[in-house]
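Geometric and topological summary
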Protein chains: 2
Amino acid sequence: MHPAKKLPSSEFAARTGRLNGILRRHRLDALIIHSEVNRYYFTGFTSSSGVILAERGEEPLFFTDFRYLTAARKEVCSMPAKMLWRAAEQRQVIAALGCSWKRVGYEGSLSAARFLELQTTLPDVEWIDISGDVARLRAVKSIAEQRAMRAACAANDQLFAAVVEKLHADMSEWEISTLIRHQCSVFGQEPSFDPVVCVGRNAAECHHYPGLTRLRNNRALLLDIGVKLDRYCSDMTRTLFYGTAGNEFKMIHQIVLDANRKAVERIKPGVSCEHIDKTARDYIERAGYGKYFGHGLGHGLGLDVHEQPGFTPGDKTVLVPGMILTVEPGIYLPNRCGVRIEEVVLITSDGCELLSSAPTCQLNNILRAG
Amino acid sequence: MHPAKKLPSSEFAARTGRLNGILRRHRLDALIIHSEVNRYYFTGFTSSSGVILAERGEEPLFFTDFRYLTAARKEVCSMPAKMLWRAAEQRQVIAALGCSWKRVGYEGSLSAARFLELQTTLPDVEWIDISGDVARLRAVKSIAEQRAMRAACAANDQLFAAVVEKLHADMSEWEISTLIRHQCSVFGQEPSFDPVVCVGRNAAECHHYPGLTRLRNNRALLLDIGVKLDRYCSDMTRTLFYGTAGNEFKMIHQIVLDANRKAVERIKPGVSCEHIDKTARDYIERAGYGKYFGHGLGHGLGLDVHEQPGFTPGDKTVLVPGMILTVEPGIYLPNRCGVRIEEVVLITSDGCELLSSAPTCQLNNILRAG
């Protein structure tokens, strides 16, 4: 696979333009973006350190340190790149820059230590957490982003097929996870997250760390995998069975699949996230397994593997076209078995489009004999 | 390679015992550990969510959510594992737990949003940042950790040799970085960080993102790579040359190597970190390249790839046996070339032990013809 390709520079320029909306909405004199992923979102440039500073009425600036400056000057197209002050000088620089600021936006994900330092340096400033504003921008994907997400999910389908093709009896969870990580560099640049690989009853731990348990006849295999393609994350879960599944597994698999499908059917603009969560949750509860589904139904997906909004109880966000989320109900019976089925959906003008498309039902014949 | 092995459970018990020292030193009623790496440091358990709560005079508790509880109950040996409250209940739970707390320790790396929430929930509490205390515990490696770090660095030497063996002309930086990531799963579990691979003048950007530039005759190749073995990070940089190096490259390479060796010679207990940084920095400055060495000389290494203390100007930490740091001077001439040579040292009772050992001098003959 090639190195990650960037979206057209017009994308980053358009996003940077939206910082003005945030400045205006909260009547801010300035705002500061610290987090790595949001720095990338606005600049298209990756670095482990840096800061975007947008002052009202001024062009935003990207500051980074010595290690990244040469690259930043070449690659950041949406704003000028400047040399960052040294940590020791930070206080004076901020004090000088901000002497007339009264209201300043910051990200709530900023560390408490740095936030307290800002507060001490500019004691009269009122600090406004703008994380929610940036998260809401990121939640609605542009046409170019939708294309990137479609491609990432298609790559994940291919990854899944390639992995299943290469599975054989007696592989350990660890070996399977290594296989997945290697295949990620065939279909994209890297895994979106550490692959979750659970054999047999380990699937009852829904985020089990892959170990030495081996794939054997009459054992289930839960795979929760995602590949990043051109920076965008895919994410999909399937629960397969190697050999002949017993009735309990089959029944649970069917309930989880039905819960998934019923939730997906309800997804359309205007509906709240918590309503979609409730659809799947009520279904599983009526089937008698409510207490075995202890996590949210899904989460936003994009540059990060977990974004806003979430299909979770209490998330009142109303769906709009362009949002992309996972739908992943599960049932986990401690020390017995676990099933999760996860899809990715893009909200469209009148419903949703399923971006993931690997088969969910081939329980018995998907694996070769070892 | 096998899944990551854990240190003996006595290690985690001993570390957890040291939380009492922090409680006493700052006269705290309680302390809260949020960060993923520190939760692992004290519990030996990996999870994307959780909290350690230590109250004075009580056994510390590990809280995690539904997704990890089954695994945590099996694997956390140093303290009991409990079910985490739901996000929505967090406020009441914290308010009830902390009704008699006056001074509470927290990590400065905690997000500002969560910190402000804690402050609002427990308005009368004085909050003490204990990150430095935990960082100081982690900075001095136990005998078992030293063994783990020695093994990780040896694995990185083997990784480096295997990668160099497989290099050939016309490979792109991206292909080399993919090769490195694959080989990481042969010699350890995963990369410590995204491999830095710079061909030719790209090495002048000291943290260049690997692209499509290809290895060709008469080009330098900077490799900054590390593999995690059993959770511990290695980290090493070499700058090789493919073909016949010109005089400028040879001279810079020698200056950087000498700066490295001179710094390493000075390392012993009782010396300050900034003094070691100054040793290498002065040497490079006297050679006329001071302004082209813009980063710190090195950083602590362990569970994280960047830990405290640092060989940086202003770090007055005094070296003690058991600390492990990198030593990585560099010279970067924009649009011409860059050289960095990075070693890992363990502070011993009377000096230091070099944990990295890949050759640094085979500039011309280390690569096969393509």
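Before any of the text, the structure's been laid out above.
Everything numeric here is computed off the predicted structure, so don't read it as measured data.

About the criteria used
- Residues numbered from 1 in each chain as written.
- Chains lettered and ligands numbered in written order.
- Predicted model: local features only at pLDDT ≥ 70, side-chain atom pairs only at ≥ 80, totals over all residues.
- Heavy atoms only, no water.
- Helix = DSSP H or I, 4+ residues; strand = E, 2+ residues; numbered from the N terminus.
- Expected span 1.5 Å × (residues − 1).
- Buried < 20%, exposed > 50% of the residue type's maximum accessible area, 1.4 Å probe, protein only.
- 1 Å grid on protein atoms, 1.4 Å probe; cavity = no way out; pocket = protein on both sides within 12 Å on 5 of 7 lines; lining within 4 Å.
- Points joined across faces, edges and corners; volume = space filled by probe spheres on them.
- Nonpolar A, V, L, I, M, F, W, Y, C, P; charged D, E, K, R; others polar.
- Pairing = 2+ DSSP bridges.
- Contact = heavy atoms within 4.5 Å.
- Axes fitted to C-alpha atoms, helices over the stretch in contact; angles between N-to-C directions.
- Phe/Tyr/Trp six-rings, centres within 6.5 Å; stacked < 30°, edge-to-face > 60°.
- Lys NZ or Arg CZ within 6 Å of the ring centre and 35° of its normal.
- Core = buried A, V, L, I, M, F, W, Y, C linked by side-chain atoms within 4.5 Å.
- Domains from an automatic or database assignment.
- Buried area = accessible area lost by both parts, 1.4 Å probe.
- Salt bridge = Lys/Arg side-chain N within 4 Å of Asp/Glu carboxyl O.
- Polar contact = N/O pair within 3.5 Å; in protein donor to acceptor, adjacent residues only side chain to side chain.

**Quick word on helix H9 (residues 173–187) of chain A**
With 15 residues, H9 of chain A should cover 21 Å at 1.5 Å per step; its first-to-last C-alpha distance of 21 Å lies within 8% of that length. Counted residue by residue, H9 of chain A has 12 buried out of 15 residues, so it is predominantly covered.

**Let's talk about the layout of surface pockets**
Residues and elements named next belong to chain B. One number sums up the size of the second largest pocket: a volume of about 260 Å³. Taken together, 15 residues make up the lining of the second largest pocket; nearest its centre are Gly200, Arg201, Asn218, Arg336 and Cys337. Of all the secondary-structure elements, those providing two or more residues to the lining of the second largest pocket are strand E9 (219–225) and helix H10 (247–266). Partitioning the lining of the second largest pocket into residue classes produces five nonpolar, six polar and four charged.

**Considerations on the sheet that holds strand E7 (residues 190–191) of chain B**
All names here are of chain B. Across the sheet, three strands lie side by side as E7-E10-E11; this open sheet has antiparallel pairing. Two strands in the sheet have a free side with no partner beyond their single neighbour: E7 and strand E11 (232–233). Along the sheet face, helix H8 (residues 143–166) touches strand E10 (227–229) and E11 and points at about 140° away from the line of E10.

**Structural notes on the packing of aromatic side chains**
Tallied over the full model, the rule gives 22 aromatic pairs over all chains. When the centroid spacing of 4.6 Å and the interplanar angle of 25° are considered together, the rings of Tyr106 of chain A and Phe115 of chain A count as stacked. An aromatic cluster is built from Phe45, Phe62 and Tyr68 of chain A, whose rings are joined through pairwise contacts. Residue placement shows Arg181 of chain A over the ring face of Trp174 of chain A; its charged tip is 5.0 Å from the ring centre. The lysine or arginine in question, Arg231 of chain B, covers the ring of Tyr209 of chain A, its NZ or CZ lying 4.8 Å from the ring centre.

**Notes on the pairing of strand E2 (residues 51–55) of chain A**
Residue and element names in this part refer to chain A. The buried fraction of E2 is high, at four of five residues. Summarising the sheet, strand E1 (residues 30–33) and E2 pair through four bridges and their orientation is antiparallel. Bridge pairing in E2 links Ile33 to Ile52. For E2 and strand E3 (residues 61–64), the ladder comprises three bridges, and the chain directions are antiparallel. Counted as the bridge partner of Leu53 is Leu61 from E3. Where E2 folds back onto E3 in an antiparallel hairpin, the turn is made up of five residues, including Gly57, whose phi is positive at roughly 80°.

**Considering the nonpolar core**
Of all hydrophobic cores here, the largest spans 39 residues; its most connected members are Leu19, Ile22, Leu31, Ile33, Phe42 and Phe62 of chain B. A total of four residues in this core trace back to one element, the largest contributor, which is H8 of chain B. There are two domains that each give this core at least three residues, and those are domain 1 (9–138) and domain 2 (141–354) of chain B. Not counting residues within four places of it along the chain, the set of residues in contact with Ile22 of chain B comprises Leu28, Leu31, Ile130, Asp133, Val134 and Leu137 of chain B. By size, the runner-up hydrophobic cluster in this structure holds 38 residues, among which are Phe12, Ile22, Ala81 and Ile130 of chain A.

**Digging into helix H10 (residues 247–266) of chain A**
Look at H10 of chain A: 29 Å from first C-alpha to last across 20 residues, which is about the 28 Å you get at 1.5 Å a residue. Along H10 of chain A, the residues that are buried comprise Phe249, Ile252, His253, Ile255, Val256, Leu257, Ala259, Asn260, Ala263 and Val264 of chain A.

**Examining the interface of chain A and chain B**
Each partner contributes residues to the interface: chain A has 42 residues there, and chain B has 42 residues. Buried area between chain A and chain B, summed over both chains or domains, comes out near 3500 Å², and the portion from carbon and sulfur atoms is 61%. It is Phe66, Arg67 and Trp174 of chain A in chain A that bury the most area against chain B; as a group they hold 17% of the surface buried on that side. Connecting chain A to chain B are two salt bridges. Between Lys74 of chain B and Glu205 of chain A there is a salt bridge, with the nearest N and O atoms lying 2.8 Å from each other. Taken together, the links from chain A to chain B amount to 15 residue pairs in polar contact (both at pLDDT 80 or more). Mapped onto the side of chain A that touches chain B, the elements with two or more residues apiece are helix H4 (66–75), helix H6 (112–121) and H9 of chain A.

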